[in-house]
Amino acid sequence: MTQKPEEPRFVVGLGASAGGLEALERYFDNSSTDSGGAYVVVMHLARDFKSVLDELLARHTTMLVRPIEEGAELRANTVYVIQPGTEIEVVGTKFRVVARPSVTSTARVSSIDVLFTSLASSWGKRAVAVVLSGSGSDGAQGVVAVHTAGGLVFAQSPESAKFDSMPIAAIATNSVSGVDTPEALAGIVVESVFLPRLHAARKSSGDATALQKILFAVVGASHLDAAQYTQSTFERRVQRRMQELEIETLARYADLVSSDENEARTLSETLLIGVTDFFRDEGAFAWLARQLAPQLIHRAASERRSVRLWVAGCASGEEAYSLAMILAEAATDFPTPIEFQIFATDVHKGLLAEAARGEYTSERMQSVSEERRRKFFTRTPSGTWQVDAKLRKNIIFAPHDVLMDPPFTRLDMVSCRNLLIYFSIEAQQRVIGSFAFGLLEKGFLFLGSSETVGGQRDSFELVDVRRRIFRRTRAQTRTPPFLRAIEGYDRVNHGLQVPPARRQSKSRETFLQPAYAAMLKDFAPPALLVSGDRELLHTFGDAGRFLRTPEGVAGLDVTGMCDSALKIPLAAGIDRVMRDKVELTFSRIELNAVPQKGLILDVRIKPLMIDGEATFALVILKQPDSQLAVSAVAENVEVSNSRTDALELEILRTREALQSTIEEIETANEELQATNEELMSSNEELQSTNEELSSLNEELHSVNAEHFRQNAELTRLTRDFDALLHATEVGVLFFDESLNIGRFTRLIVELFQFTDTDVGRPLRTFRSPFIEFDLEGFLHRVMRDGQTEEAEAQDQSSRAWLLRAAGYPDQKGVVLSVISIARLRDGAFVALAGCERILSAAAAYAGDAVMVVSPDTGVIQFANSAAWVRYGVRAAPEEEYRLSRLTPELSDSSWTSFLSMVSVGATSTRINVQFIDKNARIFPADLVATTVQTRPTRSSAS
């Protein structure tokens, strides 16, 4: 790809959804404006909504912000924003814009994934994907493509996002290079583009060895099982330390970590997740307080014990104290006193010490209500908040590694939120298995919003999918993970082998085991040890001869391995024994299968109790005493033949009825299977509909965010406009196309006597305040012609007003401005009067004849002394002396032509005419004429 002068050095794709507008604004507030990169923003926007996202983002960056158009070229230091109803791809240095498929499409790929995938294909190592706030898992496929192509992937930290589903889904792909707030990511992205990348270095076997060397040093210095973290998590922490220390190669950093135990310990501390808050996820904690806490209190009270909780990965303790407050409130509502105990654990001793102190700043207490602050905290002289000692005594803070240490037991609930996402899949299953071992039956497991029990679904049932609440369904029967791994385990992810624990010397009990087995074989009856779900755990004596390996997939269900005659007694008996904790006996069961065909057995099933609970069932198989068998046969002989025949007939009818019932059940089963398939199909449709609704919800959230910004801007503009109208003395009145009254200012209220209730009423229903002026016709003419017009008018009090009207561009209304010109007219009169006095004085002493002539009649209205002396002209009210008497050339028609020439000419007009003086002498003279306006009028005077 040839570098052009304005071609970007790298391209950053930013994907966001619900809550993403705020995240984008925070990102661009802190982004570099001259990094040489191009930024492409994709959000979920409603198809028919006119977006102003580009305008909103332009207020947070000095870079050029443009909506994306087909074929547009990528340019450096430019932000490109998606338009509604489209999907965009980056092909080389150009954009390809296509219409977004309908949300009803079953195979719809999100717009964010489309962009990320195209960036990976076109820009490879120079592509950067950033996933910000949003719901769903949009972007998860695309970040994998970018990571695979050698690009960088970053995600907003879930705790800083309004909607954390999209960031968590991206993090779960193990493709993310960094997780932080939008403000921090703005700088990290630019820095990381030009720094060495660990995922590229892994191609070198030497660097892979260095990475393993770093891992081994961390384990040795901190005893932290770092190998069980996801590989991307471990590498991100290594990369961050390398950036801070300005070390460019893994080999150099591996040497430093191996030789400096403090650096190894520092690196291990960066792996520890210390993010928490009081009542994080307010909805989940409200549900716990309303639904779960009363259940825990009631169950503990009925069993006369205390409530036991475990908060794994408690960090600085906020979550442990939040649960303690909820339990304390629930306990006060219970009639009898109930105690509770919370085990809060973490591997970070510094955070544990902080949690044990229980002292928090006001900023960290924002999620705690005033009522709970008063009840459970006290204010210290330094302004911090101290946890009350009564609440603190219910919590035990202790160091504990969920990956290596045994779990707490007899627990009512375990809370482990947003910790498992940083572990590998194998480590997650080990931790969930430990939780299952420690929980009581029907105990609860509280996980983070993107976490699940995975392969432990047979031990848990989902209680609330939205809040990730699970319930323990049965007691633990298999060896817990932490005991199965006691001989050490292999760190598969990094190939790190931990030496197995030293084997204990053989004890005397080891030699006694064969003796016990021999005694059981000779003296004890054949027996089977089974679990509550009928899983075969052990056989005693020669009980194996009554079992067989089933065909097909092998299993340990004892009912699938025994004789057909034993299936129903064992299935029903084990269930009842485990449920009712009673012993059952089934007598004289005749076996059907060869080689035991015809053999009669008595089956006794008894529960094995551990801590008051029926944990296992012991099935004893014994042949009945021969004497008892003979007595039974003798009794049967005494039964009459007729009775035998009747019984055989009854059995035959029962068999026929049973066969009919079986056929009906099989038919019903087929119908149920068909119904089940229909339900599965409906479920798929509902899931598709749910995805569509989720997408629409995200679009609505984005639209709402833009509306919120626009509403704030309109509110500010309205406030400024109202202040402007209030401050000016100009009256403004708005009309619609029907001349119905709209908004108006204070001056209009005084002039027209309007009230607030008059808004919407037609103008014709009011009397115009102006005399001899057609206001309605004036407004109609302006709205029809689309031109701005002015006119003067007087009101009832003879005050003069200037009316200026302007129509709307779409001719859907008109705006009338009313300006008082009374003071201007008065000032003009005074000025004109002064001018007249000055002109009169000047004309009186002038040497030339000066006369003022009426433009309409030519009558002389004023003449100075020189005009009297030379022409004998004196203007008097009782006589009309016309100018035509002095110059016959200016007859009435000639005067009119001359006057029009004066009106359209310059300031004055000069002509040479013949004049007659008072002695009747004719002589030539220059006539200089100038138009004069003696009084202001509505129209110009000639």
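Residues numbered from 1 in each chain as written. Predicted model: local features only at pLDDT ≥ 70, side-chain atom pairs only at ≥ 80, totals over all residues. Heavy atoms only, no water.

With respect to the overall build of the protein chain
Item 1. The helix and strand inventory of the protein chain stands at 27 helices and 36 strands.
Item 2. By residue count, 43% of the 942 residues in the protein chain fall in the buried class.
Item 3. Contacts in the protein chain between residues far apart in sequence, at least 24 positions, make up 62% of those at least 6 positions apart.
Item 4. For the protein chain, the computed accessible surface area is about 50500 Å², with 52% contributed by carbon and sulfur atoms. (Helix = DSSP H or I, 4+ residues; strand = E, 2+ residues; numbered from the N terminus. Buried < 20%, exposed > 50% of the residue type's maximum accessible area, 1.4 Å probe, protein only. Contact = heavy atoms within 4.5 Å. Areas by Shrake-Rupley, 256 points an atom, 1.4 Å probe, with all protein chains shown as cover.)

A look at the packing of helix α3 (residues 111-123) against helix α4 (residues 140-148)
Item 1. Between α3 and α4, whose axes approach to 7 Å, the crossing angle comes to 10°. When the axes of α3 and α4 are compared, the pair comes out roughly parallel. Residues Asp-113, Phe-116, Thr-117 and Ala-120 of α3 touch α4, and the partners they reach there are Ala-140, Gln-141, Gly-142, Val-143, Ala-145 and Val-146.
Item 2. Along the lines of polarity and charge, the residues of the contact of α3 with α4 split into 6 nonpolar, 3 polar and 1 charged. (Axes fitted to C-alpha atoms, helices over the stretch in contact; angles between N-to-C directions. Parallel < 35°, antiparallel > 145°, perpendicular 65-115°, else oblique. Nonpolar A, V, L, I, M, F, W, Y, C, P; charged D, E, K, R; others polar.)

As for the sheet that holds strand β8 (residues 152-156)
Two pairing modes exist for strands in a sheet, parallel and antiparallel, and in both the strands are linked by backbone hydrogen bonds.
Item 1. Pairing in this open sheet of 7 strands is parallel, and the strands run β3-β4-β2-β1-β7-β8-β9 from one edge to the other. On the outer flanks of this sheet lie β3 (64-67) and β9 (178-180), each paired with one strand and no other. Here the strands of the sheet are splayed against their neighbours by 20° on average, with no regard to which way each runs.
Item 2. Here helix α1 (residues 20-29) sits on the sheet in contact with β1 (10-16), β2 (37-43), β4 (78-81) and β8, set at roughly 165° to β2. (Pairing = 2+ DSSP bridges.)

What to know about the nonpolar core
Item 1. Counting residues in each nonpolar core, the largest one holds 61 residues, and the members touching the most others are Leu-14, Phe-28 and Tyr-39.
Item 2. Of all hydrophobic cores here, the second largest spans 45 residues; its members include Phe-285, Trp-287, Leu-323 and Ile-395. (Core = buried A, V, L, I, M, F, W, Y, C linked by side-chain atoms within 4.5 Å.)

A word on the side chain of Asp-54
Item 1. Inspection of the secondary structure puts Asp-54 in helix α2 (residues 53-58).
Item 2. Aside from chain neighbours lying at most four places away, what touches Asp-54 is Val-65, Pro-67 and Val-81.

Some remarks on the pattern of salt bridges
Item 1. If you walk through the whole model with that rule in mind, you get 27 salt bridges.
Item 2. Arg-534 is the partner of Asp-557 in a salt bridge, and the nearest nitrogen-oxygen pair spans 3.9 Å. Highlighted residues: Asp-557 in the loop between β23 (536-540) and α20 (564-580) and Arg-534 in the loop between β22 (527-531) and β23, separated in sequence by 23 residues.
Item 3. In this structure Arg-534 comes out as partly exposed when scored by relative accessible area, which is 21%.
Item 4. Overlapping salt bridges bring together Glu-22, Arg-26, Lys-162 and Glu-183 as one network. (Salt bridge = Lys/Arg side-chain N within 4 Å of Asp/Glu carboxyl O.)

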